[in-house]
Amino acid sequence: MFDSFRTVTRQLVGGEDHRTSADSDDEIRTDGGVAESRRRTGSSGGVLKAVRDRFGEDFLESTPFWLPTFLLMSLFVYGSIGWNFLISLTDFEGFAQEPDYSNLDFEMYVQAVTSEAVQTAVVNTFALLVAFTVVCLAFGMVLAILVDRGIRFENTFRTIYLLPMSLSFVVTAQFWLWMYNPTNGIVNMFFGVFGLGPYDFIGNPNLVLAAVIFALVWQFSGYTMVVYLASLRAIPTEHYEAAQVDGASTVKMYWRVIVPQLKNATISASVVLMVFALKAFDFLYSLVGNFRPPNGSDILATKMVREAFQNQNWAYGSAIAVLLFALALAIIGPYLFHQYKHDNL
Amino acid sequence: MSTKTNKSTADRLFEVDYYRVALYGTLVVMLAFFLAPIETGIVTSFKTQTAVAETLPFLPAGGEGFTLSKWNTAIDVLSRGLLNSLAFAVPATLLSGLLGSITAYGLTLVNWRGQVAVLTLFVAGIFIPYQAVLVPLSKFWGVYVQLGKSLGFFWATTGISKDYAALIELTVTHVAYGLPMCTILFRSYYKSMSTEMMEAARLDGATLRKIYQRIVFPLSKPMFAVVFIYQFTQIWNDLLFALILVSSSSSPAAPIVLILSGLGSSMEGTDFALRMAGAFTAAIPTLIVYILFGDKFAKGVAS
């Protein structure tokens, strides 16, 4: 087991061509480092030597740099996730100080999966994730292509397109509440020009999710623009020229030649966008200043916090959190694995 | 012949102009789209209740309809939260940035086997939906590590209200959950760093600590700016942890976003002017940071 772990890590570390591999590192160092390493070997026992042999010469000396922070992070992130899972197996609720760990079962999960409210929340979460990500990517790509056309004041345009992202969800929720206001909001005035509306975007359960997605797209399409712009700049100009020599129209050139080269940017941007979408809790909470978001926009994140921190169904909330975590893992996991395999971490 | 060429050049010029007009037209429409919610927010924040109802939402109100009272109220209500937010956002930003840099150094510029496994755990930590840690987190601070009690002597001797323990909790929490992002940002920077100088120093017998202090830290300054800006924005804007750890916007330690989320709504309806003024008050620190260092912010989000 350890050997296989070692070969894996060796391949990973040794596979990085731009850095000296652990083995050649030892060879290089024999000249100058020999005195020191002999002294160290002499003063330490066999265990330390074994650790050094396994992980590399600098392993022990490097631990003060990363181990304390790693432990802190692991405690808060992975320790909490494990503890959360454990709590989800109990019947913890109400004002009790501690859960009773003696009787563990999956009852909360059964309750969650069969609950209609949770099912609706799952559907809404998916709709939000997919629609938000796709629209953000498409809109951001168009913006990036426009900004990349050698325009003047490029910096100004870029800065303003990205501006909403620097704002808190709490702040943007206030803005959009006012924008969507049925009596005096700009969005309804816009529809009024075409003789439509007014619509109660936040109050109508059929419209609210789309309205929230639109607001989130406003906030984050600047981000996708920045990512695509960096990627567009990396494409050699010859590709544009070759397409134009071949007589392709601008639209065709982008569609056939340029857009396919943005694949990697699309993948990494969609992963980050999904993380933003999972944080939409802040936005939905701020729309009403309450644990219950507008009717028709309840997602797993809001449902979980409401169950745990308003209704004090701690175990039930934890179970919903595990479902949400599994959903995120299903999206993020393959991406991380891909990055890990291609040594992009 | 020559007139013909001239004509075709003129045609082309006209064509190009036409295309440019369409391009800039679209860009300006987009500009309006991105600025509209902010613009209507600014003008509304200076309106009286009647002006809000009677004037167009995107036009400023003159004369009778103009008032500064909403801003006064908003600043009155939010100044406590502004200070609270600064009190935990600044230390948390500095700490997580510094620790992230040190961690990334130990995991990137020092060579040892197995660091990729540790890094993977850090990267995965970025993508965790925080809902998955909320119940344990609230129990951890609320039941097991009660800073209000365990630091009793501190609150007693300084005379500071025990409620402010929440600010320490928020600092530690934000550092712990910010570490993955900070570490990865620094790692991406360190990966492209030339290791020659460090290897030479190592051959001369320099310790890892010396190398960090003398070589890596000074070279990391541009990245520190990027990380600090990103972290500060994230921590300042976060509502979820504030909501869970402070729980009530009436607490003396309530961060600004928490107070803002309940501002301007009453039985009579929503006071939009007050809400807009409050929203801008809460956004001012991040807006200042963004306007001054926008390029660095872009760098942070792009990587």
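Our structure is the block above this text.
### Comments concerning the overall build of chain A
In terms of helices and strands, chain A carries 16 helices and 0 strands. Relative to its 345 residues, chain A shows a buried fraction of 50%. Contacts spanning at least 24 positions in sequence make up 64% of the contacts within chain A whose residues lie at least 6 apart. Surface exposure of chain A reaches about 16200 Å², of which carbon and sulfur atoms provide 63%.

### Re the overall build of chain B
Secondary structure summary: chain B contains 14 helices and 2 strands in total. By the compact-globule yardstick of 19 Å for 303 residues, chain B is too spread out, its C-alpha radius of gyration being 26 Å. C-alpha atoms of chain B, sized along the principal axes, occupy 75 × 70 × 30 Å. Within chain B, the proportion of its 303 residues that are buried is 53%. Long-range contacts, defined here as pairs at least 24 residues apart, represent 69% of the contacts in chain B between residues at least 6 apart. A total accessible area of about 13200 Å² is found for chain B, and carbon and sulfur atoms account for 67% of it.

### Regarding helix 4 (residues 115-126) of chain B
Residues and elements named next belong to chain B. Over its 12 residues, helix 4 extends 17 Å from the first C-alpha to the last, a length consistent with the 16 Å expected when each residue adds 1.5 Å. Counted residue by residue, helix 4 has 10 buried out of 12 residues, so it is predominantly covered. For helix 4, the set of buried residues is Gln-115, Val-116, Val-118, Leu-119, Thr-120, Phe-122, Val-123, Ala-124, Gly-125 and Ile-126.

### As for helix 13 (residues 263-278) of chain A
In this model helix 13 of chain A runs 23 Å from its N-terminal to its C-terminal C-alpha over 16 residues, within 8% of the 22 Å that 1.5 Å per residue would give. Those residues of helix 13 of chain A not exposed but buried are A:Ala265, A:Ala269, A:Ser270, A:Val271, A:Leu273, A:Met274, A:Val275, A:Phe276, A:Ala277 and A:Leu278.

### Let's talk about the interface of chain A and chain B
Each partner contributes to the interface: chain A provides 109 residues, whereas chain B provides 103 residues. Both sides of the chain A and chain B interface together cover about 10000 Å² of buried area, and 73% of this is carbon and sulfur. There are 1 salt bridge connecting chain A and chain B. We note a salt bridge from B:Arg202 to A:Glu61, for which the minimum N-O separation is 2.8 Å. In terms of residue count, the dominant contributor to the side of chain A that touches chain B is helix 4 (residues 59-88) of chain A (17 residues). Here the side of chain A that touches chain B is built from residues that sort into 66 nonpolar, 23 polar and 20 charged.

### Focus: the side chain of B:Ser138
With respect to the helices and strands, B:Ser138 occurs in helix 5 (residues 131-144). Engagement of the side chain of B:Ser138 in a polar contact is seen with the backbone oxygen of B:Val135, the distance being 3.0 Å. Those residues in contact with B:Ser138 that sit more than four places away from it in its chain are A:Phe309, A:Trp314, B:Val143 and B:Ile244.

### Some details on the environment of B:Tyr105
Summarising the element assignment, B:Tyr105 is placed in helix 3 (residues 69-108). Taking C-alpha positions, B:Tyr105 is 8.0 Å from B:Phe186, a pair spaced 81 residues apart along the chain.

### So, the side chain of B:Thr281
Residues and elements named next belong to chain B. Structurally, Thr-281 is set in helix 14 (residues 272-302). Of the residues examined, Thr-281 reaches a relative accessible area of 7% and is grouped as buried. Those residues in contact with Thr-281 that sit more than four places away from it in its chain are Trp-71, Ala-74, Ile-75, Leu-78, Leu-82 and Ile-256.

### Some thoughts on the nonpolar core
In summary, soluble globular proteins display a tendency toward joint burial of nonpolar side chains. Core analysis: the biggest nonpolar cluster contains 209 residues, and A:Phe132, A:Tyr161, A:Phe175 and B:Tyr105 have the highest contact counts within it. Per-domain counts for this core show at least three residues from each of domain 2 (69-105) and domain 3 (108-341) of chain A. Look past the residues within four positions of A:Phe132 in its chain and what remains in contact with it is A:Ala127, A:Ile213, A:Leu216, A:Val217, A:Phe220, A:Leu273, A:Phe276 and A:Ala277.

### Quick word on a negative patch on the surface
Residues A:Asp91, A:Glu93, A:Asp100 and A:Glu107 make up a contiguous surface patch of negative charge. With relative accessibility at 49%, the residue A:Asp100 sits in the partly exposed group.

### Re the packing of helix 4 of chain A against helix 5 of chain B
With their axes 7 Å apart at the nearest point, helix 4 of chain A and helix 5 of chain B run at an angle of 95° to one another. Comparing the axis directions of helix 4 of chain A and helix 5 of chain B gives the class roughly perpendicular. Packed against helix 4 of chain A, whose contacting residues are A:Phe76, A:Val77, A:Ser80, A:Ile81, A:Trp83, A:Asn84 and A:Ile87, the element helix 5 of chain B presents B:Ala132, B:Val133, B:Val135, B:Pro136, B:Leu137, B:Lys139, B:Phe140, B:Trp141 and B:Tyr144 at the interface. Among the residues making up the contact of helix 4 of chain A with helix 5 of chain B, the classes are represented as 13 nonpolar, 2 polar and 1 charged.

### Concerning the pattern of salt bridges
Residue and element names in this part refer to chain A. Across all of its chains, the model carries 7 salt bridges over all chains by this definition. The salt bridge partner of Asp-148 is Arg-233, with a shortest N-O separation of 2.8 Å. Of this pair, Asp-148 sits in the loop between helix 6 (116-147) and helix 7 (154-162) while Arg-233 sits in helix 10 (residues 208-233), placing them 85 residues apart in sequence. Judged by its relative accessible area of 42%, Arg-233 is partly exposed. The salt bridge involving Glu-307 is made with Lys-303; its shortest N-O contact spans 2.9 Å. Of this pair, Glu-307 and Lys-303 both sit in helix 15 (residues 300-310), 4 residues apart, which is roughly one turn of the helix. In this pair, the class of Glu-307 matches that of Lys-303, namely buried. One continuous salt-bridge network, built from bridges that share partners, spans Asp-148, Glu-154, Arg-158 and Arg-233.

### Observations concerning a nonpolar patch on the surface
Residues A:Phe190, A:Val193, A:Phe194 and A:Leu196 make up a contiguous nonpolar surface patch of roughly 460 Å² in combined accessible area. Classification of A:Val193 as exposed rests on a relative accessible area of 65%.

### What about unusual backbone geometry?
Residue and element names in this part refer to chain A. The phi torsion at Phe-153 lies on the positive side, around 50°, for a residue other than glycine. Structurally, the position occupied by Phe-153 is in the loop between helix 6 and helix 7. Residue classification places Phe-153 among the exposed positions, given a relative accessible area of 60%. Positive phi outside glycine occurs at Gln-312, with the angle close to 55°. With respect to the helices, strands and loops of the structure, Gln-312 is situated in the loop between helix 15 and helix 16 (314-341).

The rules we used
- The numbering scheme is per chain: residues are counted from 1 as the chain's sequence reads.
- Chain letters and ligand numbers both follow the written order, the letters beginning at A and the numbers at 1.
- Given that the model is predicted, a residue must reach a pLDDT of at least 70 before its local features are reported, and side-chain atom pairs must reach 80 or more before they are shown or counted; all residues, however, enter totals for whole chains, interfaces and linings.
- In computing side-chain properties, one takes all heavy atoms of the structure into account and sets aside hydrogens as well as water.
- A run of DSSP states H or I qualifies as a helix once it reaches four residues; a run of E qualifies as a strand once it reaches two. Both are numbered from the N-terminal end.
- Buried, partly exposed and exposed residues are distinguished by accessible area as a fraction of the type maximum, computed with a 1.4 Å probe on protein chains only: under 20%, between the cut-offs, and over 50%, respectively.
- The contact criterion used is simple: two residues touch if any of their non-hydrogen atoms lie within 4.5 Å.
- Here the Shrake-Rupley method, with its probe set to 1.4 Å, supplies the accessible areas, and only the displayed protein chains count as covering residues.
- For the radius of gyration, the atoms used are the C-alpha atoms, and the globule rule reads 2.2 Å times the number of residues raised to 0.38.
- Expected helix span is computed as 1.5 Å times (number of residues minus one).
- For any pair of parts, buried area is found by adding up, for both, the accessible area (1.4 Å probe) each one loses once the two are put together.
- For salt bridges, the criterion is a side-chain nitrogen of Lys or Arg within 4 Å of an Asp or Glu carboxyl oxygen.
- When residue character is reported, Ala, Val, Leu, Ile, Met, Phe, Trp, Tyr, Cys and Pro are called nonpolar, Asp, Glu, Lys and Arg charged, and the others, Gly included, polar.
- Side-chain atoms alone can form a polar contact between residues adjacent in sequence; in general such a contact is a pair of N or O atoms within 3.5 Å, and within protein one must be able to donate a hydrogen while the other accepts it.
- In this description, a nonpolar core means a group of buried Ala, Val, Leu, Ile, Met, Phe, Trp, Tyr and Cys residues linked to one another through side-chain atoms lying within 4.5 Å.
- In this entry, domain limits derive from an automatic or database-based domain assignment.
- Two distance rules govern patches: like charges are joined within 9 Å, and nonpolar side chains (Val, Leu, Ile, Met, Phe, Trp, Tyr) within 5 Å, applied only to residues with over 30% relative accessible area and no salt bridge.
- Under the counting rule used here, the positive set is Lys and Arg, the negative set is Asp and Glu, and His together with the chain ends is not counted.
- By convention, the point assigned to a charge is CZ for Arg, NZ for Lys, CD for Glu and CG for Asp.
- Orientation is described by axes fitted as lines to C-alpha atoms, over the contacting stretch for helices, and by angles from 0 to 180 degrees between their N-to-C directions.
- With respect to orientation, any angle under 35 degrees is reported as roughly parallel, any angle over 145 as roughly antiparallel, any angle of 65 to 115 as roughly perpendicular, and every other angle as oblique.

Taken by themselves, the reported measurements are silent on function.
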